[in-house]
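Overview (structure and organization)
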Amino acid sequence: MRFGINTFLFTSPFTTQSTKLFPQFKKWGFDTVEIPIENTSDIDPARVKKALDKYGLVCGTICACVGPYRDFRGTPKQQRDALQYMKRVLDQMVVLDCPAMIGPVYSSVGRADAVPPQEYKKQWKTVVKNLKTLCKYAEARGKMICLEPLNRFETDFINTCEQGLKMIAAVGSPALKLHLDTFHMNIEEKDQAAAIRKAGKKLGHFHACGSDRGTPGGDHIDWRGIAKALKQVGYKNDVVIESFTTDVKVIARAAAIWRRIEPTRNEIAVKGLKFLKKNL
């Protein structure tokens, strides 16, 4: 099991110049870096890979950034734009030697409106079709896609482990796995450990942060139960801290971070990593 940090805690967008963060990540003791690619033009993947190598880090995961203009259940143009963007990200992942793209790849974040059952079924079929196309592209490049259920305030489409597994079964690609996040599960799952066990071998990625989006361990989440469940399913992929603060204004607004949850963002990284290494 490797431990990583999502760069949204420190910057948005991540650019080639953001690699100046890498020495500090290495000093703190992280193994991997999770890079959100907001636009593929923001980075030169070869230069980013060179910087990762220099500091003994790896890009363990790329976070897909799906705004309102990228949506697999949206308008035909939104679907095309989302597919084109994610294919370009997969191409950059080849250069970065990054194994997995993670996040809510099925729809834009913030789209949360109740729709009639028939409309939901129609949207579901559209997402399945688009994910099948994307997964074939990922398979050909030896890459994995990890689909993340989000809480009800960020999507009305896939909120739970069970729904995520249903989508994975419908797509039927070996490249498609599940991505679980302690913050979202704290809202949507009755028992986080049970959700992890239900995911089993389909669990491809794991985000760890406090119940309030703060430091893992300084909250009410049952971390002991989570650790036991991860061990039971034989999870050996990355565990990444994905927390947000008011320091990065664009992300703070998108994630509804209106107050300072922790004294400093550095403490989230340092204390969070120490807790996760000790307990997971």
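Please refer to the structure higher up on the page.
Residues numbered from 1 in each chain as written. Predicted model: local features only at pLDDT ≥ 70, side-chain atom pairs only at ≥ 80, totals over all residues. Heavy atoms only, no water.

**Some thoughts on the packing of aromatic side chains**
Applying the stated criterion across every chain, the model contains twelve aromatic pairs. Summarising the aromatic geometry, the rings of Phe22 and Phe25 are spaced 6.5 Å apart at their centres and angled 40 degrees between planes, so their arrangement reads as tilted. One end of the pair, Phe22, and the other, Phe25, are both in helix α1 (residues 22–28), three residues apart, so they sit about a helical turn from each other. With relative accessibility at 0%, the residue Phe22 sits in the buried group. The buried category is assigned to Phe25, whose relative accessible area is 1%. Judged by centre distance (5.9 Å) and plane angle (35 degrees), the rings of Tyr106 and Phe157 are tilted. Separated by 51 residues along the polypeptide, Tyr106 in the loop between β4 (100–103) and α4 (117–140) and Phe157 in the loop between β5 (144–147) and α5 (161–171) bring together distant segments of the chain. Look at Phe157 and you get buried, because its relative accessible area is 0%. Through successive ring pairs, a cluster of aromatic residues spans Phe10, Phe14, Phe22, Phe25, Trp28 and Phe30. (Phe/Tyr/Trp six-rings, centres within 6.5 Å; stacked < 30°, edge-to-face > 60°. Helix = DSSP H or I, 4+ residues; strand = E, 2+ residues; numbered from the N terminus. Buried < 20%, exposed > 50% of the residue type's maximum accessible area, 1.4 Å probe, protein only.)

**What to know about the environment of Leu21**
By secondary structure assignment, the location of Leu21 is in the loop between β1 (2–6) and α1. The residues touching Leu21, leaving out its near neighbours within four places in the chain, are Phe10 and Thr11. (Contact = heavy atoms within 4.5 Å.)

**A look at unusual backbone geometry**
Pro13 follows Ser12 through a cis peptide bond whose omega is -5 degrees. Even without being a glycine, Asp97 presents a positive backbone phi close to 55 degrees. Tracing the sequence through the fold places Asp97 in the loop between α3 (76–96) and β4. With a phi close to 80 degrees, Arg213 is a non-glycine residue in the positive phi region. Within the element layout of this structure, Arg213 appears in the loop between β7 (203–208) and α8 (223–232).

**Things to note about the pattern of salt bridges**
For the structure on display, the rule yields eleven salt bridges. Across the pair Asp156 and Arg73 runs a salt bridge, and its minimum N-O distance is 2.7 Å. Residue Asp156 is found in the loop between β5 and α5, and its partner Arg73 is found in the loop between β3 (58–64) and α3; the two are separated by 83 residues along the sequence. A salt bridge links Lys271 to Glu267; the nearest nitrogen and oxygen atoms lie 3.1 Å apart. Taken together, the residues Lys271 and Glu267, both in helix α10 (residues 265–279) and four residues apart, mark about one turn of the helix. Members of the salt-bridge network, linked through shared partners, are Asp181, Arg213 and Glu242. (Salt bridge = Lys/Arg side-chain N within 4 Å of Asp/Glu carboxyl O.)

**Some words on the pairing of β1**
With four of five residues buried, β1 is to be regarded as a mostly interior element. Here three bridges tie β1 to strand β2 (residues 32–37), and the two strands are oriented parallel to one another. Counterpart to Ile5 in the pairing with β2 is Val33. (Pairing = 2+ DSSP bridges.)

**A few points about the nonpolar core**
Of all hydrophobic cores here, the largest spans 81 residues; its most connected members are Leu131, Met167, Ile196 and Phe206. Not counting chain neighbours up to four residues away, the residues in contact with Phe206 comprise His179, Leu180, Thr182, Met185, Ile196, Ile226, Leu230, Tyr235, Asp238, Val239 and Val240. (Core = buried A, V, L, I, M, F, W, Y, C linked by side-chain atoms within 4.5 Å.)

**Regarding the sheet that holds β3**
Strand order in the closed barrel formed by eight strands is β1-β2-β3-β4-β5-β6-β7-β8, and the pairing between neighbours is parallel. Strand-to-strand twist in this sheet, taken as the mean axis angle between neighbours without regard to direction, amounts to 30 degrees. Strand direction decides the pairing type here: strand β6 (residues 176–181) and β7, joined by four bridges, are parallel. Pairing of Leu180 across the sheet is with Phe206, part of β7. Contacts from helix α7 (residues 192–199) reach β6 and β7, with the element oriented near 170 degrees to β6. (Axes fitted to C-alpha atoms, helices over the stretch in contact; angles between N-to-C directions.)

**A short note on the pairing of β2**
Of all six residues in β2, six are buried, a share of seventy percent or more. The side-chain alternation of β2 yields two buried faces, one formed by Thr32, Glu34 and Pro36 and the other by Val33, Ile35 and Ile37. Following the backbone out of β1, through α1 and into the adjacent parallel β2, one traces a crossover that is right-handed. With helix α2 (residues 45–54) bridging β2 and the parallel β3, this β-α-β connection has right-handed handedness. (Right-handed = clockwise from strand over helix to strand, strands pointing away.)

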